[in-house]
Amino acid sequence: MNNLHFVSIEGNWDKDIHDKRIEHAAMILEKNKSSLAIASGTYAPAAYSSFFKGRLGEYTKETLINKYGIPAMRIIPAYSFPYSSTYTIIDAFANAVLIGWVSCGLRKRNNEINVLFEPCTSEFHGLRVETLNHRSCQYLHNFNVNIELSCTNKLPMAILEKEYPEEVVRLSELQSERGLITTGEWIDYGKTRSYDDLNSMKYDLAEAFKTVFNFSLSDMDTCLRSDSGRLIFTLLWNHITNSKKLCDKDIEKICLYAQSYLNTNISNSEMLAVRRIVRSFTL
């Protein structure tokens, strides 16, 4: 499998701000047809007021498809993760899980693979988002996954210190001796979570797959071991989740896209294994 390119779209409760983030991501996705979008969940807690009543990832998905013409198969539905509400820290965790799944199946590869990851957010938010996602993806290096991570529209520290001092404070807290960047840990509704918890990565991902498939953790370790089978499965999951349908023509288009833009071919036996799981989808 060739090198991979991911573009995540971080949510914001303000419509104008969020739409600008989608526009920036769409520009990258259009420029590189092999890149895959990650539609972060960003589900607002009750105390917050959001322009969209639901997971912002669903709004992101609809906008990418209907306004910018990005195919459903290229949008990874991070909004399917089993979180009652999300925020920048846990969105970064979901990003790492999905990148780890596609690039290595959350297990050590025999050969290295290079990944370009571009989180899309607002300029003032960019350095913190980049820092959090860099830490969340750190664990993937254990699997021979090399990640080049860059938030291309971030503001430099000098401007943050002058115009957004609250962002500097947040970054300092994250990077402190007992901060998240050092420990990899944070408290999520009274429970300690970690960017380095492989069991949580696999469990949360399996729960996301279960939103449309009769899927188990054993399927993750047995049926989808090859790069090609895992990638085709992911593109099918993207399409089914985002469009609520699947037909033979959709499968043909997905396989053609994988072959044309991702240099991926799938054997008959691998395709049979993927189809066995896909046949169980329920929406």
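Residues numbered from 1 in each chain as written. Predicted model: local features only at pLDDT ≥ 70, side-chain atom pairs only at ≥ 80, totals over all residues. Heavy atoms only, no water.

1. Looking at the packing of aromatic side chains
Now for step 1: Summed over all chains, the structure comprises 15 aromatic pairs.
Now for step 2: Taking 6.4 Å as the distance between ring centres and 20 degrees as the angle between the ring planes, the aromatic pair formed by Phe 93 and Tyr 195 counts as stacked. With Phe 93 in helix 3 (residues 88-104) and Tyr 195 in the loop between strand 7 (191-194) and helix 8 (198-209), this pair connects stretches of sequence that are 102 residues apart.
Now for step 3: According to the relative accessible area criterion, Phe 93 is buried, its value standing at 1%.
Now for step 4: Tyr 195 gets classed as buried once you look at its relative accessible area, which sits at 0%.
Now for step 5: Seen from the ring of Trp 101, Arg 230 lies directly overhead, with NZ or CZ sitting 6.0 Å from the centre. (Phe/Tyr/Trp six-rings, centres within 6.5 Å; stacked < 30°, edge-to-face > 60°. Helix = DSSP H or I, 4+ residues; strand = E, 2+ residues; numbered from the N terminus. Buried < 20%, exposed > 50% of the residue type's maximum accessible area, 1.4 Å probe, protein only. Lys NZ or Arg CZ within 6 Å of the ring centre and 35° of its normal.)

2. Section: helix 1 (residues 15-31)
Now for step 1: For helix 1, built from 17 residues, the straight-helix expectation of 24 Å at 1.5 Å per residue is met to within 8% by its first-to-last C-alpha distance of 24 Å.
Now for step 2: The elements touched by buried residues of helix 1 are strand 1 (4-9), strand 2 (36-39), helix 2 (56-66) and strand 4 (113-120).
Now for step 3: You can read the cap of helix 1 off the contacts: a side-chain oxygen lies 3.0 Å from the backbone nitrogen of Asp 16, and it is on Asp 14. (Expected span 1.5 Å × (residues − 1). Contact = heavy atoms within 4.5 Å. Polar contact = N/O pair within 3.5 Å; in protein donor to acceptor, adjacent residues only side chain to side chain.)

3. A few points about the packing of helix 10 (residues 227-243) against helix 12 (residues 268-278)
Now for step 1: Direction vectors running N to C along helix 10 and helix 12 enclose 30 degrees, while the axes themselves pass 10 Å from each other. With respect to helix 12, the axis of helix 10 lies roughly parallel. Crossing geometry of helix 10 relative to helix 12 is assigned as right-handed. Two secondary-structure elements touch here, helix 10 through Ser 228, Gly 229, Ile 232, Phe 233, Leu 236 and Ile 240 and helix 12 through Glu 270, Met 271, Val 274, Ile 277 and Val 278.
Now for step 2: When its residues are assigned to classes, the contact of helix 10 with helix 12 shows 8 nonpolar, 2 polar and 1 charged. (Axes fitted to C-alpha atoms, helices over the stretch in contact; angles between N-to-C directions. Parallel < 35°, antiparallel > 145°, perpendicular 65-115°, else oblique. Left-handed = near helix turned anticlockwise from the far one by under 90°. Nonpolar A, V, L, I, M, F, W, Y, C, P; charged D, E, K, R; others polar.)

4. Quick word on the side chain of Thr 121
Now for step 1: Structurally, Thr 121 is set in the loop between strand 4 and helix 4 (126-136).
Now for step 2: Looking at Thr 121, its side chain comes within polar contact range of the side chain of Arg 21, at 3.4 Å.
Now for step 3: There is a polar contact of 3.0 Å between the side chain of Thr 121 and the side chain of His 125.
Now for step 4: Each residue touching Thr 121, except ones within four places of it in the same chain, is listed here: Glu 10, Arg 21, Gly 126, Val 129, Cys 151 and Asn 153.

5. Some thoughts on empty space enclosed by the protein
Now for step 1: In total, this model carries 2 cavities of 30 Å³ or more according to the counting rule given.
Now for step 2: There is about 40 Å³ of room inside the largest cavity.
Now for step 3: His 134, Cys 137, Gln 138, His 141, Ile 147 and Leu 149 together form the lining of the largest cavity.
Now for step 4: The space that makes up the second largest cavity amounts to roughly 30 Å³.
Now for step 5: As for the second largest cavity, its lining consists of Gly 41, Arg 55, Ala 78, Tyr 79, Phe 81, Tyr 83, Thr 86, Asp 91 and Ala 94.
Now for step 6: In the lining of the second largest cavity, the residues fall into 5 nonpolar, 2 polar and 2 charged. (1 Å grid on protein atoms, 1.4 Å probe; cavity = no way out; pocket = protein on both sides within 12 Å on 5 of 7 lines; lining within 4 Å. Points joined across faces, edges and corners; volume = space filled by probe spheres on them.)

That is the geometry; function is a separate question.
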